[in-house]
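# Results of the structural survey
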Amino acid sequence: MVDNGSTPAGSIPRNNQKPVLIKMLKSFPDDMPIVDIVKATKVYPPDIIAVQNVSLAVGKGELVFLTGMSGAGKTTLLKMICCIERPTKGVIEVAGNDLSRIRQSEIQKLRRQIGVVYQDFKILPRQTVYENIAIPMEVMYRSPKVIRKRVGQLLEILGITHKREVQAAKLSRGEQQRVAIARAAANAPPLILADEPTGNLDQEASGYVMELFEQLNKSGSTVIIATHDESIYRKSRHRTVELAHGLFSGHVGHRQLPLINA
Amino acid sequence: MGHKTYFHIKQTGRNLRHNWPTQLMTVMTISLSVLIFSFFLLIYLNIVNAGSRLGDELRLIVYLNEEVQPEARPMYENKIRDFGKVERIEFISRAEAFERLGRQLDSEKDVLADLGPDFLPPSIEVYPQRNMRNLTGLKQFSDYLTTLPSADKVQYGQSWMEKFGYFIELLRVIVILSGVLLIMATVFMVSSTIRLTVVAKEAELEVLRLVGADNKFIQTPLLIEGIMQGIIGSACGLLLLYLIFQWTTGHLSGPGFLNMLDFSFFPPKTTAIIAASSVLLCVGGSMISIRKHMRI
Ligand SMILES: Nc1ncnc2c1ncn2[C@@H]1O[C@H](COP(=O)(O)OP(=O)(O)O)[C@@H](O)[C@H]1O
Ligand SMILES: [Mg+2]
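The structure reproduced in this document is the subject of the present report. (Residues numbered from 1 in each chain as written. Chains lettered and ligands numbered in written order. Predicted model: local features only at pLDDT ≥ 70, side-chain atom pairs only at ≥ 80, totals over all residues. Heavy atoms only, no water.)

### A word on the interface of chain A and chain B
We count it as follows: Two residues form a contact once any of their heavy atoms are found within 4.5 Å. Once two parts are joined, some of their accessible surface, as seen by a 1.4 Å probe, is lost; buried area is that loss totalled over both. We define a salt bridge as a contact between a side-chain nitrogen of Lys or Arg and a carboxyl oxygen of Asp or Glu at a distance within 4 Å.
Facing the 29 residues of chain A at the interface are 31 residues of chain B. Both faces considered, chain A and chain B share a buried interface measuring about 2800 Å² in area, 57% of it formed by carbon and sulfur atoms. At the junction of chain A and chain B, the tally comes to four salt bridges. Where arginine 14 of chain B meets glutamate 138 of chain A, a salt bridge forms, and the shortest distance between an N and an O atom there is 3.4 Å.

### What about the coordination of the magnesium ion (ligand 2)?
Applied cut-off: Note that water is not among the atoms considered, so a metal site may appear incomplete; the donors listed are N, O and S atoms within 2.8 Å of the metal, with 3.2 Å applied to Na, K and Ca. Numbered from the N terminus, helices here are DSSP runs of H or I no shorter than four residues, and strands are runs of E no shorter than two.
Those protein atoms acting as donors to the magnesium ion (ligand 2) are Thr75 of chain A (OG1) and Gln119 of chain A (OE1), and they sit at 1.9 to 2.2 Å. Separated by 44 residues along the polypeptide, threonine 75 of chain A in helix 1 (residues 74-81) and glutamine 119 of chain A in the loop between strand 6 (114-117) and helix 3 (129-139) bring together distant segments of the chain.

### Side note on unusual backbone geometry
With the exception of glycine, most residues fall at negative phi, and the peptide bonds are largely trans. All names here are of chain A. Rules: Burial classes: relative accessible area under 20% of the type maximum marks a residue as buried, over 50% as exposed, and values in between as partly exposed (1.4 Å probe, protein chains only).
Cis geometry marks the peptide bond from proline 45 to proline 46, where omega comes out at 0°. With respect to the helices and strands, the residue proline 46 is situated in the loop between strand 1 (33-44) and strand 2 (48-59). Unusually for a residue other than glycine, lysine 39 sits at a positive phi of about 50°. Checked against the element boundaries, lysine 39 lands in strand 1. Residue class for lysine 39 comes out partly exposed when judged on its relative accessible area of 46%. Phi at glutamate 196 is positive, roughly 50°, even though this residue is not glycine. Its relative accessible area of 9% is what places glutamate 196 among the buried residues.

### Brief notes about the sheet that holds strand 2 of chain A
Within a sheet, each strand pairs with its neighbour through backbone hydrogen bonds, oriented either parallel or antiparallel. Residue and element names in this part refer to chain A. Under the convention used in this document: By this definition, two strands are paired if DSSP reports at least two bridges between them. In this description, a line fitted to the C-alpha atoms serves as the axis of each element, helices being fitted only across the stretch in contact, and the angle between N-to-C directions of two axes falls anywhere from 0 to 180 degrees.
One open sheet accounts for four strands, arranged 2-1-4-5; its pairing is antiparallel. Looking at strand neighbours, the two that pair on one side only are strand 2 and strand 5 (97-98), the edges of this open sheet. As judged from the five bridges shared by strand 1 and strand 4 (residues 89-94), these two strands associate in the antiparallel manner. The residue of strand 4 that forms the bridge with aspartate 36 is glutamate 93. Across the sheet, helix 1 touches strand 1, strand 2 and strand 4, and the angle it forms with strand 1 is around 120°.

### So, the layout of surface pockets
Space left empty within the atom packing is revealed by a probe, the size of a water molecule, rolled over the atoms. Cut-off, in case you're wondering: Cavities and pockets were defined on a 1 Å grid built over protein atoms only: a cavity is a set of grid points that admits a 1.4 Å probe from which the probe cannot escape, a pocket is an open set flanked by protein on both sides within 12 Å along at least five of seven lines, and lining residues are those with an atom within 4 Å of any such point. Grid points are joined across faces, edges and corners, and a volume is the space filled by probe spheres set on the points. The classification used treats Ala, Val, Leu, Ile, Met, Phe, Trp, Tyr, Cys and Pro as nonpolar, Asp, Glu, Lys and Arg as charged, and all other residues, Gly among them, as polar.
Here the second largest pocket is characterised by a volume of approximately 370 Å³. Considering only residue class, the lining of the second largest pocket consists of four nonpolar, four polar and six charged.

### A look at the state of the cysteines
Note the following rule: In plain terms, two cysteine sulfur atoms within 2.5 Å form what is called a disulfide here.
Here the structure, examined in full by the defined rule, presents zero disulfides over all chains. This cysteine, cysteine 83 of chain A, is not joined by any disulfide, and cysteine 82 of chain A carries the nearest cysteine sulfur, 6.9 Å off. For cysteine 83 of chain A, a relative accessible area of 1% gives the class buried. Considering cysteine sulfurs only, cysteine 282 of chain B is the nearest to cysteine 236 of chain B, which forms no disulfide, with 12 Å between them. On the accessibility criterion, cysteine 236 of chain B (35% relative accessible area) is partly exposed.

### Observations concerning the sheet that holds strand 2 (residues 86-92) of chain B
Residue and element names in this part refer to chain B. Taken in spatial order, the four strands of this open sheet run 2-3-1-4, and their pairing is antiparallel. In the strand order of this sheet, the two ends are held by strand 2 and strand 4 (151-155), each with one partner. Strand-to-strand, the axes of this sheet are offset by a mean angle of 15°, without reference to chain direction. Contacts from helix 4 (residues 94-105) reach strand 2 and strand 3 (123-128), with the element oriented near 95° to strand 2.

Below is the structure:
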């Protein structure tokens, strides 16, 4: 069974509101926030407040670090952006699409435009590195030639070319993490959400990964990186927003975008 | 996009590699069901065919206690035709009956010498139309014919017809039962195999959903899986039946029961219909399972 339990990882419950066709992320105007979170609250049953009254706007083409201690609600916030969790209160818009108003098939369309690096990777242990990275491109029916080329490129950048045909289960955590990152980057999606992408990496590998994100960002992707790894954002010129116990704390990066705490 | 089919087939291949023992079991069950069903169907169709050929010689004989005069014949014919459509009516006089018997006995003709030409009763032979040639129809017709003037009794091979009728009836029940077996086994096996595929691939399906795979991407391979099971299963079942048929007819050639029946295999059309229905059943099984386990 694909969907089970109260918070299925593959779907959000249907609602009865009128379905709206989604707008594409790529053609979204540059001067508007591509991710717009307005007073979002997430309460997990029974009463665990993971995110409380958070507002955050991320401009198109921005690279943002979402920081905060573990348990601050970073993962929950990212999950809400890619429709794995829905907010208990508040509104989340991605490219102008109110996520609570789009239907299942539209969510699929939306997800094809968002690359997500999950904190727990969610790679397939029995499939090879190559197969894992190819999945999002196969889902988009890219040509086998394009897929081969792109996978090769990503493996090269992330320094795992020699693991190409190895089963993902046989990789170290750090290598698995890089596979997860390569998969998220495969389609060079307009929006990338990375949850602790350097959590299992040494400094060298972290460097490769950040380079990849910078590259993707330069070529137009909006990137949101949730991390508590200070070394990757401390000297960065990008905006940093800090979550603390489900609320944004005062510290905001150099580029001030609408960001409301209540 | 030209790559869709490629990826659907690739995905199907992955599924097959994943749980081929289950797939094999399913294909074997389908073949066996198809074999059992088509075996009984083959026998049934051949017997029915043989029955209808025998039926061509079918007639009702009305024995009379006195000769029908030529001028009374139209009256008889009208009365008979009042009941229903009739292909042919023949009046047999005592003399004709005697002569016929003599022809049949041929060399042993002398046994008739002592008997006079009046020894056999006159009769009317009624050849009913094709649509009347069923047991109840004949029974009613025969009851009606008994009411003809000076009719003694009516004969049409009642007991033989009855037995044959029951036999066909029994065969039909068996064919229907094996058909039901085929339907249930196929749908059940295919849908539970797909359920197993879905369960075994839960993690993969979750990932596919997370990267935004549409329903088609996930479901088409499962559908292809079902169709392939149907094609391979029914092909194996029918091939097996054909081999059994060839072997049997080869070994039981010569003057025997089978030859008398002129036993023959399904025409291509019937074969195609059986195969197509099994494939359809498999598609049905796949759909049921997909609907149930994947919340379209
Ligand atoms: N599925 C869940 N069910 C219940 N509580 C959860 C669930 N996911 C996260 N939480 C809780 O929500 C809070 C925020 O978690 P999380 O978003 O994972 O924070 P972070 O990613 O910043 O470490 C934590 O207290 C965590 O225990
Ligand atoms: Mg987290």
